[in-house]
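Overview (structure and organization)
Next come the chains, spelled out residue by residue.
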Amino acid sequence: MKPRNLLFIMSDEHSRRVLGCYGHTMIKTPNLDRLAAKGVRFTDAYCNSPICVPSRASFHTGRYPHQIRFWDNGMPYDGSVPSWGHRLTQGGHCATSIGKLHFRSTEDDNGFSEEIMPLHVVDGVGDPLGMIRRPLPVRKAAMKMANDAGRGDSDYQRYDDKITAAAEQWLRQQASNKTDKAWVLFVSLVCPHFPLIARPEWYDLYPEDKVPRPALYDRAERPDHPYVAAMRECQIYDKGFDDKKLRKAIAAYFGLVSFVDHNVGRLVNTLEDVGLATETRVIYTSDHGDNLGTRGLWGKSTMYEESAGVPMIMAGPEVPQGFAVQEPVTLVDCFPTILDCVGQPKQKDDMDLPGISLFDIVRGAGPRRTVLSEYHASGAATGVFMIRKGHYKYVHYVGMPPQLFDLDADPQETRDLGQNADYRGVVMDCEAALRDVVDPEAADRQAFADQEARLATLGGREAIIARGGFLFSPVPGTEPVYAGTENPAKI
């Protein structure tokens, strides 16, 4: 495969279920749908941890959270573990980022040749409230999501305007200053992450009385698994919603997805306009999904498809067109993919990476493996580990009952087979496959120990709770808005 440039676009909190090319009948995403038609769509792609900081750390380093121990939004990546950016710059390639990184600081060597308008964690610390897990606090800031939802402008939309314009300018400059080495431009947008506020031209595409009500939203339909129950009482998003606010939130999220699609279209069109399309591949994905009210849950933090699933689309020279790959993939597969794309060999230290190049997976050349997502962050009463084994999805909770779903027969995950005696053998096989990848109890103990140690350096539990939490990271040049926190959550 010939080395090519790579335009890698990552959005924030985009559930793959809200995309036309993934089967959504209402959402308007013509640019991403066109990209998928011209390339490869991975039907079963997942993040490696359904929350921003650990997901992005895994994506950049190609390693699972339990391997690198950036567990949550208060333990950001600090450049200490080699990233694909390090490998590219060491090999003489230009690797530029524009937009959200959610690392500790630009002062760290994160691997990029240049970081343009980066969004990093607040004050190099992030959100330490998410490390408080025994017992879980009540995060009052979550109530703000429902009150904010609706039509309007926001810092996040304005930030994405700037990111997209800067990326367009970078591509134009690159077209007039071509180099011998293939380059990578990482464009990281912050939408459709809440606040769920969308400009009228996007919001009004989705009339409030026409948007679908979230699946399994009625209380009688919601799962009663103890992990999910604890999550609801900590992240109290849904307690702020009535029917009108619910429909505003859905319309706004859909509008933000269409806004992201518009920006992707701008970038792809710029590649064509400046003559780079024939020598540049494009990948689109997101750092995690969003429950979007399904089962009464909002945000991410669970292993349901809405939260852990992400879009993954790849197109460009030497990429098959109109192809759908059903083999499960995750964000750690992007590390070897990016190196393959630009022709940069792996180093010796990369040989034990768990990811497989997406180019190999498309060719059917990748070895059989177990993909993993794990979660040890905000709202998690215990460590959670998810694997795929064929059409089964197995979710392991340390100290709690497992979940098992047959995604072929039950794609909406309405029937938990984890306690069904007829599936005891499947559960045992899945648990054995998980333990071939990670010791869940050991990882869970390490996460709690690391978090307790980190909390102590920040003044302890009570000091963090007194400060409160914020709903989302502020864009560069602005400050977070804190809200109070109760201690503890009552389950």
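The structure we're discussing is the one just above.
What you see is a predicted model, and the numbers here were worked out from it, not measured in a lab.

Our next topic: the environment of E327. Mapped onto the elements of the fold, E327 is located in the loop between β13 (323-325) and β14 (329-330). In this structure the C-alpha to C-alpha distance between E327 and A277, which are 50 residues apart in sequence, comes to 27 Å. Leaving out residues up to four positions away in the same chain, E327 has contacts with D44, I361 and R368.

The strand order across the open sheet built from eight strands is β5-β4-β8-β1-β10-β12-β2-β13, with neighbouring strands paired in mixed fashion. The sheet terminates laterally at β5 (114-119) and β13, the two strands that pair on one side only. Across the sheet, the mean angle separating the axes of adjacent strands is 15° when strand polarity is ignored. Where strand β1 (residues 5-12) lies against strand β8 (residues 184-192), six bridges are found, and the strand directions are parallel. Pairing of F8 across the sheet is with F186, part of β8. Those strands touched by helix α1 (residues 30-37) are β2 (39-42), β10 (280-286) and β12 (312-315), and its axis lies near 105° from that of β2.

Turning to the state of the cysteines, a few remarks are in order. Applying the stated criterion to the full structure yields zero disulfides. No disulfide involves C94; its nearest neighbouring cysteine sulfur is the one of C341, lying 14 Å away. C334 carries a free sulfur, and the closest cysteine sulfur to it, the one in C341, is 11 Å from it. By relative accessible area, C334 is classed as buried at 1%.

As a further point, take the pattern of salt bridges. Tallying each qualifying case throughout the model produces 40 salt bridges. The partner of E279 in a salt bridge is K178, and the shortest N-O contact between them spans 3.5 Å. Of the two residues, E279 sits in the loop between α9 (243-273) and β10 while K178 sits in the loop between α6 (155-176) and β8, which places them 101 residues apart along the sequence. A salt bridge links E413 to R295; the shortest N-O distance between them is 3.7 Å. Of the two residues, E413 sits in the loop between β18 (403-406) and α13 (424-437) while R295 sits in the loop between β10 and α10 (305-308), which places them 118 residues apart along the sequence. A relative accessible area of 4% means that E413 is categorised as buried. When salt bridges that share partners are traced, they join R16, R17, R295, E305, E306, K393 and E413 into one network.

Moving on to the packing of aromatic side chains. A ring pair, where both rings are aromatic, is described by two values, the distance of the centres and the angle of the planes. Applying the stated criterion to the full structure yields 19 aromatic pairs. Summarising the aromatic geometry, the rings of Y156 and F472 are spaced 5.3 Å apart at their centres and angled 65° between planes, so their arrangement reads as edge-to-face. In this pair, Y156 sits in helix α6 while F472 sits in the loop between β19 (469-470) and β20 (482-483), placing the two residues 316 residues apart along the sequence. The partly exposed category is assigned to F472, whose relative accessible area is 22%. The cationic tip of R133 hangs over the ring face of F448; the distance from NZ or CZ to the ring centre is 3.9 Å. The ring of Y217 has R222 sitting right over it, with the charged end atom 4.7 Å from the ring centre.

With that out of the way, let us pick up the packing of α1 against α9. With their axes 7 Å apart at the nearest point, α1 and α9 run at an angle of 55° to one another. When the axis of α1 is compared with that of α9, the two are oblique. Between α1, through P30, N31, L32 and L35, and α9, the contact on the second element is made entirely by D261, H262, V264, G265 and V268. In terms of residue class, the contact of α1 with α9 is made up of five nonpolar, three polar and one charged.

Here is what the cut-offs are and how they apply
- Residues numbered from 1 in each chain as written.
- Predicted model: local features only at pLDDT ≥ 70, side-chain atom pairs only at ≥ 80, totals over all residues.
- Heavy atoms only, no water.
- Helix = DSSP H or I, 4+ residues; strand = E, 2+ residues; numbered from the N terminus.
- Contact = heavy atoms within 4.5 Å.
- Pairing = 2+ DSSP bridges.
- Axes fitted to C-alpha atoms, helices over the stretch in contact; angles between N-to-C directions.
- Disulfide = S-S within 2.5 Å.
- Buried < 20%, exposed > 50% of the residue type's maximum accessible area, 1.4 Å probe, protein only.
- Salt bridge = Lys/Arg side-chain N within 4 Å of Asp/Glu carboxyl O.
- Phe/Tyr/Trp six-rings, centres within 6.5 Å; stacked < 30°, edge-to-face > 60°.
- Lys NZ or Arg CZ within 6 Å of the ring centre and 35° of its normal.
- Parallel < 35°, antiparallel > 145°, perpendicular 65-115°, else oblique.
- Nonpolar A, V, L, I, M, F, W, Y, C, P; charged D, E, K, R; others polar.

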